[in-house]
There are 2 protein chains.
Amino acid sequence: MSKPLILVSNDDGIIAHGLKLLIELMKDLGEVIVVAPDGPQSGMGHAITIGNTLRLSKTDHFEGITSYQCSGTPADCVKIAKGYVLKGRKPDLVVSGINHGSNTSISVIYSGTMSAAIEGAVEEIPSIGFSLCDYAADADFSHVKEHVVKIAEQVLAHGLPKGVALNVNFPPKQKAAIKGIKICRQTRAKWQEEFDRRIDPNGRQYFWLTGSFIHQDNGEDNDEWAIANNYTSVVPVSFDLTAYHAIAALNKDWDLNG
Amino acid sequence: MSKPLILVSNDDGIIAHGLKLLIELMKDLGEVIVVAPDGPQSGMGHAITIGNTLRLSKTDHFEGITSYQCSGTPADCVKIAKGYVLKGRKPDLVVSGINHGSNTSISVIYSGTMSAAIEGAVEEIPSIGFSLCDYAADADFSHVKEHVVKIAEQVLAHGLPKGVALNVNFPPKQKAAIKGIKICRQTRAKWQEEFDRRIDPNGRQYFWLTGSFIHQDNGEDNDEWAIANNYTSVVPVSFDLTAYHAIAALNKDWDLNG
């Protein structure tokens, strides 16, 4: 039996530590090909490059692994991998990450890491985004290896429901080992923005977007709860954004065609 | 009673025709404030600007209307409107558009227009993205005015379910008037990418992302059907991406904590 083909991408860029680790782990599970952004793309959401050109070049960053860097977003990387690099071969798995920072809760909609995974799911390829909930510059990724492999193995073995990608987050390394893996829902929360206004050397204003996380959810079945309690969280996410429950409500309440 | 406060943004940028029209229509419904990108931001998905600064400046593009242009994405525009420009006042309605081009079906996940509306919904403000399914350079927007106003009025009167924004698309102008408004679900479809590879004057390759729309959905309750049949489509969209139906399946099939 031929080895599964695994496409690896991320949003922290081709030289990120988390990407290197993910490649190392995937090498044992299949044939790995890498197409990653040539620089950081955090917060890019599901952006794609239209109205502008894309660069793509082969790299030798990873010994024994075919890898490319792309000037575009994470979603572009998956698209160009499928549409050009792989010349018609379809990956058996798309993995993205391991992101240096959390993508739990509402952060999923801003996440470049998850956009690569969702792009894979749109192409009907089982796809996973991995993120470590630790923003420290020297964050330790060593404790997540076992769960990365376990989850990738489960997805290779069982596939995923159609239209679903996985948003996997790991707690920061603690003295105790991670307690286990929880299948969760997305936590209700938002970012409370604060804009740090400054004046540049030419006297013009500019802003840094900062913010704090506002937790609005007391449940114990969500990803923030899992991370806070030292579990790995797995949220199945859909790219069908339809709020089905709202269709009947709108039809009932609205006077649209009168 | 004070007039409702209406925040207007878009992704085609501050000088786009569709933005001007939307401002004109909203002026009759409330007090309008505009914060829009200083240039085109199409395909930006739900990108936000982190790791880089934002510019914001007041403009006099629209007579009698307070307006700002921002160097960021549509989501940034809504964030900076709320976090800085409005100084704590909360809009009663966020409207985005009118986009020059379709945001039906899977395009919703790539859409800067919808990211502004979704950002409003995250802030618990009733929010609508409007798009015209016509890519012609001289696209005629005149036939959509009545429905823009009608839908905005319904949202101001009834609000929207929590966590829901509206993705509204209009058919291109035809001889016959638009038949009516349909509440729809998101069509199952994807883009089949094709990468147009070219060589620059320095001998290096570059790519244009192009593609064709692959319709995978025979239903008559979806937004593509509505547009094809000369209806305005309204899809309620959620920013809770959890695929709830998949949680039980994953718990059942997977051997995660053994």
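Residues numbered from 1 in each chain as written. Chains lettered and ligands numbered in written order. Predicted model: local features only at pLDDT ≥ 70, side-chain atom pairs only at ≥ 80, totals over all residues.

What about the overall build of chain A?
Broken down by element type, chain A carries six helices and 11 strands. A globule of 258 residues ought to have a C-alpha radius of gyration of about 18 Å, and chain A, at 19 Å, matches this closely. In terms of its C-alpha atoms, chain A occupies a principal-axis envelope of roughly 60 × 55 × 50 Å. Sorting the 258 residues of chain A into buried and exposed places 53% on the buried side. Taking as baseline every contact in chain A between residues at least 6 positions apart, the subset at least 24 positions apart corresponds to 77%. (Helix = DSSP H or I, 4+ residues; strand = E, 2+ residues; numbered from the N terminus. Rg over C-alpha atoms; globule rule 2.2 N^0.38 Å. Buried ≥ 20, exposed ≤ 12 C-beta atoms within 10 Å, placed from the backbone. Contact = placed C-beta atoms within 7 Å.)

Points about the pairing of strand 5 (residues 93-100) of chain A
Residues and elements named next belong to chain A. The element strand 5 is extensively covered by neighbouring structure, given that eight of its eight residues are classed as buried. Where strand 1 (residues 5-9) lies against strand 5, four bridges are found, and the strand directions are parallel. Of the residues in strand 5, the one forming a bridge with Val8 is Val95. Pairing analysis gives five bridges linking strand 5 to strand 6 (residues 127-132), with the strands arranged parallel. By the bridge assignment for strand 6, Val94 is matched with Ser127. (Pairing = 2+ DSSP bridges.)

Focus on the sheet that holds strand 1 of chain A
Read across the sheet, nine strands follow the order 3-4-2-1-5-6-7-11-8 (chain A) without closing on themselves; strand pairing throughout is mixed. Lying at the two open borders of the sheet, with one neighbouring strand each, are strand 3 (56-59) and strand 8 (181-183) of chain A. Taking the axes of each pair of neighbouring strands and ignoring which way they run, one obtains an average angle of 25 degrees across the sheet. Helix-sheet contacts for helix 6 (residues 244-253) of chain B involve strand 7 (164-170), strand 8 and strand 11 (232-238) of chain A, and the interaxial angle to strand 11 of chain A is about 135 degrees. (Axes fitted to C-alpha atoms, helices over the stretch in contact; angles between N-to-C directions.)

With respect to the packing of helix 1 (residues 17-27) of chain A against helix 4 (residues 145-158) of chain A
Residues and elements named next belong to chain A. Orientation of helix 1 relative to helix 4, taken along the N-to-C sense of each, is 50 degrees, at an axis distance of 10 Å. When the axes of helix 1 and helix 4 are compared, the pair comes out oblique. Two packed elements cross with a definite hand, and for helix 1 against helix 4 that hand is right-handed. Of helix 4, the residues touching helix 1 (which contributes Leu22, Leu25 and Met26) are Lys145, Val148, Val149 and Ala152. (Parallel < 35°, antiparallel > 145°, perpendicular 65-115°, else oblique. Left-handed = near helix turned anticlockwise from the far one by under 90°.)

Observations regarding the relation of the copies chain A and chain B
The operation relating chain A to chain B is a screw motion whose rotation component is 180 degrees, with 0.0 Å of axial translation and a residual RMSD of 0.0 Å. Between the two chains, the operation in question is that of a two-fold axis. Most of the interface of chain A is mirrored in chain B: 100% of its interface residues are interface residues there too. (Least-squares fit on C-alpha atoms with pLDDT ≥ 70 in both.)

Description of the environment of Lys179 of chain A
Residue and element names in this part refer to chain A. With respect to the helices and strands, Lys179 occurs in the loop between strand 7 and strand 8. A C-alpha to C-alpha distance of 5.3 Å links Lys179 and Tyr231, two positions 52 residues apart in sequence. The contact partners of Lys179, leaving out residues within four places of it in the chain, are Asn230 and Tyr231.

Overview of the interface of chain A and chain B
Listed as interface residues are 67 residues of chain A and, on the opposing side, 67 residues of chain B. Sorting the residues of the side of chain A that touches chain B by element identifies helix 2 (74-85), helix 3 (112-122), helix 4, strand 8, strand 9 (189-199), strand 10 (205-215), strand 11 and helix 6 (244-253) of chain A as the ones contributing at least two each. At seven residues, helix 6 of chain A tops the list of elements feeding residues into the side of chain A that touches chain B. Considering only residue class, the side of chain A that touches chain B consists of 38 nonpolar, 18 polar and 11 charged. (Nonpolar A, V, L, I, M, F, W, Y, C, P; charged D, E, K, R; others polar.)

Focus on the sheet that holds strand 5 (residues 93-100) of chain B
Residues and elements named next belong to chain B. Pairing is mixed across the open sheet formed by nine strands, whose spatial order is 3-4-2-1-5-6-7-11-8. Pairing within the sheet leaves two strands with one partner each, and these edge strands are strand 3 (56-59) and strand 8 (181-183). When the angles between neighbouring strand axes are averaged without regard to direction, this sheet yields 25 degrees. Where helix 1 (residues 17-27) meets the sheet, its contacts fall on strand 1 (5-9), strand 2 (31-37), strand 5 and strand 6 (127-132), and the angle it forms with strand 5 comes to roughly 145 degrees. Against the sheet, helix 4 (residues 145-158) makes contact with strand 5, strand 6, strand 7 (164-170), strand 8 and strand 11 (232-238), and its axis sits at roughly 160 degrees relative to strand 5, the strand it touches most.

A look at helix 4 of chain A
Under the 1.5 Å per step criterion, the end-to-end length of helix 4 of chain A is 20 Å for 14 residues, consistent within 8% with the ideal 20 Å. Once helix 4 of chain A finishes, Gly159 of chain A follows within two positions and takes phi at roughly 70 degrees, a positive value. (Expected span 1.5 Å × (residues − 1).)

Quick notes on the confidence of the model for chain A
Per-residue pLDDT for chain A has a mean of 94; in total, 99% of the residues score no lower than 70. Reported confidence for the predicted complex is 0.92 by ipTM and 0.94 by pTM. (pLDDT = per-residue confidence, 0-100.)

So, unusual backbone geometry
Residue and element names in this part refer to chain A. In this model, Gly97 is joined to Ile98 through a cis peptide bond whose omega is -10 degrees. Of note, Ile98 is situated in strand 5. The residue Ser105 is not glycine, and still its phi comes out positive at about 55 degrees.

A look at the environment of Val94 of chain B
Residues and elements named next belong to chain B. Within the secondary structure layout, Val94 lies in strand 5. Residues Val94 and Ile118, 24 residues apart in the sequence, show an inter-C-alpha distance of 9.4 Å. If we ignore the near neighbours within four places in the chain, the residues touching Val94 are Leu7, Val78, Ala116, Ala117, Gly120, Ile125 and Ser127.

Comments concerning the pairing of strand 4 (residues 66-70) of chain B
All names here are of chain B. Sheet topology note: the strand 2/strand 4 ladder contains five bridges and is parallel. In the strand pairing of strand 4, Ala36 is matched with Gln69. Bridge count for strand 3 against strand 4 is four bridges, and the pairing is antiparallel. Bridged to Ser57 within strand 4 is Gln69. Counting the residues between successive antiparallel strands, the hairpin from strand 3 to strand 4 contains six residues, one of them, Gly64, with a positive phi of roughly 80 degrees.

Details of helix 2 of chain A
Residue and element names in this part refer to chain A. Where burial is concerned, most of helix 2 is hidden: 11 out of the 12 residues are buried. Of all the residues in helix 2, the buried ones are Pro74, Ala75, Asp76, Cys77, Val78, Lys79, Ile80, Ala81, Lys82, Gly83 and Tyr84. Lys87 sits one or two positions beyond helix 2 and adopts a positive phi of about 45 degrees.

Here we look at the environment of Asp221 of chain A
Residue and element names in this part refer to chain A. Positionally, Asp221 belongs in the loop between strand 10 and helix 5 (223-228). By C-beta crowding, Asp221 is classed as partly exposed, having 13 other C-beta atoms within 10 Å. Sequence-distant contacts of Asp221, that is, excluding residues within four places in its chain, are made with Cys184 and Arg185.

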